[in-house]
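The lines below spell out each chain.
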Amino acid sequence: MKREPPAATARKLARLGIRSRRDLVLHLPLRYEDETHLTPLGEAAAGVPVLVQAPVLGTEIAFRPKRQLVVRCEGLALRFLNFYGSQTRQFERAIEEGSQVRAYGEVRPGRQGAEMIHPRYRIVAPGEPLPSALTPVYPTTSGLGQATLRKLVLEALAHEAIEDTLPAALRERLALAPLEASVRLLHAPPPGADVAAAWRRVKFDELLAQQLQLRLAYRKRRARDAPALPANGPLLRRFLGKLPFRLTRAQSRVMAELLRDLAQPHPMQRLLQGDVGSGKTIVAAICCLAAVDAGTQAAVMAPTEILAEQHYRKFSSWLAPLGVEIAWLHGALPAAERKAARKAIAAGSAHIAIGTQALFQEGVEFARLALAIVDEQHRFGVKQRLELRRKSERAAAHQLMMSATPIPRTLSMTYHADLDVSVIDELPPGRKPVTTRLASAARRAEVLERIRAACADGQQAYWVCPVIEESRDKDLQAALDAFEELRRELPALKVGLVHGRLSPAEKAGAMQAFALGQTQLLVCTTVIEVGVDVPNASLMVIEHAERFGLAQLHQLRGRIGRGARASDCILLFVEPLSEAARSRLKVIYENADGFAIAEEDLRLRGPGEFMGERQSGEPLLRFADPVGDADLAEAARAAAEELLDADEAFARSHIERWLGARAEYPRV
Ligand code: ADP
Ligand code: MG
């Protein structure tokens, strides 16, 4: 076997993130096959792969039902649907030499006795000894067989020194097994060996590499310069003196955290988490004032035009009386006004700019951007988030990401280690809890009656139509149909409609009409999921609730219960319900707290899926599980800080060793 893998193999290995012998050593098995003992043919249980051995008696090519090679052995037939001529010859030689076939696979009853379909096999001399360790099965890629990979790994293990670079004190404190012994054991454990300690060591090292990488990125960005925005400016002081409401304790605490960051001459990198309705917007506005007081500008980005408009209105009502100039860049802006707004931003006469990501995409130039706020950041795509981040980094601006999607603490630690995290964990007082009801779609008439009664009482209602994944047209059609139908069924009500295909101006118009109470029932798709705030709306009906994800249902439901009245959320579902849909509806019915729902969501879907839609693009953990290994992750986080303080070179080599090619993965 050649020392260096040929180019084709190297390319395949690269797909697995393997570029060196050292990477091969850390390419650990997914599972094992037990080839350490033979199972007598008569004892092979159905569905369990076993190792059997038998003398070869003859070969034949059968044509029914398909062309195939049949190898008849003592008490067993092997069938190969795809085979080479060389295979036939190999078996024939075995017959001549009196060798036997040793095959690994499931034995099943066939037409002429026991058979194995496409087993993995080897020709062996009758008394050839069995391996003493389990056979590793490695993660692989197409065209790279287990046999080749095993050989490469074995060779790497023979030549590569596996140095334990973790400081001894840390190893002792956490009672970690030695690295070399752990790695060697995991590649070839004897049957029945206890591999838990070895995995624990490997997982710790991997989690440590991830934490080191994220904390290093954090420190690097934090070391840059940014304008210090002191918290004692005149505008900020005036605004705090006449706030429209009293801040909750959580809001005050978080405000202090943010203002402390902004006062530093280094860029803030903070994620502000707070459940829907927890009052993140005012905190964002306060931060903007710190920027304006310092003679700089702030940008506020929202994922949708509707939300950007709402921010514009709120910010204007709060800050315009202080003389703050706010530019609103939206899709429906006539060319001349757009030009004027951009000019005001470029000249610095606009202090705060509000818009969608177009704010950063259309080459809008800021005179002195010092703070970039991204609302509902999880709604931006990975690429957009990266772009936003790069742009605000280039401008040396402070960054505040806001999210209403609660992420369980365990995950937040592994995924957001390169950010500081603030949490508003309290709702403003006086909120009436939302009562959630589940109703089969068959009870539509009762639901309509409920809407009629609420609207007659001066309240307003949302009717949410589901997103149909396969087709945005169908999605739209569903909303249009629901709109027509509801108008017919509720002739006394003024019904509005808003969906993703309306022009920005139409959308804004429809939202505005609802916010002003000109429409009573708003038929909508999930465009209203994000941040929309109409306190007088106290009833929400979600059609086909079984099709929504948990986070989405929670966000939707958060649109109501914002006023003084008790609110109802009616989840209409269509039977039969899948097991998964039933579990989701149960969770949303039983829980009101976003963090509790996120924990349940995580439990139902697992960390990969849970983070998938929000954070895809995170460096993948191959061995550790951020939830199952939360205690290790916590230890790794603490160790990472210590090690970075003590020895950055160690940190870099540890990252390189464990993340290798993945270390450069774009961070969001
Ligand atoms: P979110 O965190 O979901 O973005 P918002 O900032 O939109 O929440 O706030 C939800 C509603 O609560 C808004 O109408 C806002 O003005 C109001 N609000 C925020 N903070 C308070 C508070 N401390 N007391 C009373 N009302 C508040
Ligand atoms: Mg919001």
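Nothing here was measured: the structure is a model prediction, and the numbers come from that model. Position numbers for residues start from 1 in each chain and track the written sequence from start to end. Chains and ligands are labelled sequentially in the order written, the chains with letters from A and the ligands with numbers from 1. Residue-level local features of this predicted model are given only where pLDDT is at least 70; pairs of side-chain atoms are given and counted only at 80 or more, and the full residue set underlies all totals for whole chains, interfaces and linings. The side-chain numbers reported here are obtained from all heavy atoms of the structure, hydrogens and water having been left aside.

Novice: Mind showing me how you'd approach the pairing of strand 19 (residues 495–498) here?
Specialist: Regular strands have side chains that alternate between both faces of the sheet. Burial of the side chains of strand 19 extends over both faces: Val-495 and Leu-497 are buried on one face and Gly-496 and Val-498 on the other. With its strands directed away from the observer, a crossover is right-handed exactly when the path from the first strand over the helix to the second travels clockwise. Where helices and strands are cited, they refer to DSSP runs of H or I of at least four residues and of E of at least two residues respectively, numbered from the N terminus. Between strand 19 and its parallel partner strand 20 (residues 521–524), the chain crosses via helix 18 (residues 504–515), and the hand of that crossover is right-handed. Type-normalised accessible area, obtained with a 1.4 Å probe on protein chains alone, sets the label of each residue: buried when under 20%, exposed when over 50%, and partly exposed for intermediate values.

Novice: So what exactly am I meant to see when it comes to the environment of Asp-293 here?
Specialist: For Asp-293, the position within the fold is in helix 10 (residues 280–293). Considering only alpha carbons, one finds Asp-293 and Cys-569, 276 residues apart in sequence, at a separation of 42 Å. Contacts are residue-level and defined by heavy atoms, with any inter-residue pair within 4.5 Å sufficient. Leaving out residues up to four positions away in the same chain, Asp-293 has contacts with Gly-233, Pro-234, Leu-235 and Leu-236. Among the polar contacts listed, one links the side chain of Asp-293 to the backbone nitrogen of Leu-235, at a separation of 2.9 Å. Looking at Asp-293, its side chain comes within polar contact range of the main-chain nitrogen of Leu-236, at 2.9 Å. Identification of polar contacts relies on pairs of N or O atoms within 3.5 Å, with a donor-acceptor requirement for protein atoms, meaning one able to donate a hydrogen and the other able to accept it, and with residues adjacent in sequence counted only if both atoms are side-chain atoms.

Novice: Before we go on, may I ask you to explain the packing of aromatic side chains in this structure?
Specialist: Each aromatic ring pair is described using two quantities: the centre-to-centre distance and the angle formed by the ring planes. Pairing of aromatic rings covers Phe, Tyr and Trp, the last counted by its six-membered ring, and requires centre-to-centre distances within 6.5 Å; plane angles under 30 degrees mean stacked, over 60 mean edge-to-face, and any other angle means tilted. Overall, the coordinates contain eight aromatic pairs when judged by the stated rule. Arranged with centres 6.4 Å apart and planes meeting at 85 degrees, the rings of Phe-245 and Trp-318 form a pair that is edge-to-face. Placement of Phe-245 in the loop between helix 8 (234–241) and helix 9 (249–262) and of Trp-318 in helix 11 (residues 305–319) is noted, with a sequence separation of 73 residues between them. Of the residues examined, Phe-245 reaches a relative accessible area of 40% and is grouped as partly exposed. A relative accessible area of 11% means that Trp-318 is categorised as buried. Between Tyr-462 and Phe-514 the ring centres are 5.0 Å apart and the planes differ by 55 degrees, which places this aromatic pair in the tilted class. Here Phe-514 lies in helix 18 and Tyr-462 lies in strand 18 (residues 460–464), a separation of 52 residues in the sequence. Joined through ring pairs, the aromatic side chains of Phe-80, Phe-91 and Tyr-121 make up one cluster.

Novice: I'm lost on the domain arrangement of the protein in this one. Help?
Specialist: Interface size is often expressed as the accessible area that is lost when the parts come together. On domain assignment, one finds that the protein holds domain 1 (7–31 + 139–194), domain 2 (37–130), domain 3 (234–424) and domain 4 (434–591). Measuring from the centre of the C-alpha atoms in domain 2 to the corresponding centre in domain 4 gives 62 Å. Residue ranges labeled as domains rest on an automatic or database domain assignment.

Novice: Help me understand the sheet that holds strand 10 (residues 269–274), please; the structure alone is not making it clear to me.
Specialist: As summarised here, the arrangement of the seven strands in space is 12-13-11-14-15-10-16, forming an open sheet in which the pairing is parallel. The open sheet has two edge strands with one neighbour each: strand 12 (326–329) and strand 16 (420–424). Averaged over all pairs of adjacent strands, the angle between strand axes in this sheet comes to 20 degrees, irrespective of strand direction. Note on pairing: two strands pair once DSSP finds at least 2 bridges between them. Of the pairings in the sheet, the one linking strand 11 (residues 297–301) to strand 13 (residues 352–355) comprises four bridges and is parallel in character. The residue bridging Ala-299 from the neighbouring strand is Ala-353, located in strand 13. Contacts from helix 12 (residues 335–347) reach strand 11, strand 12 and strand 13 within the one sheet, and its direction differs from that of strand 12 by about 135 degrees. Every axis corresponds to a line fitted to the C-alpha atoms, with the helix fit spanning only the stretch in contact, and the corresponding angles, defined between N-to-C directions, vary from 0 to 180 degrees.

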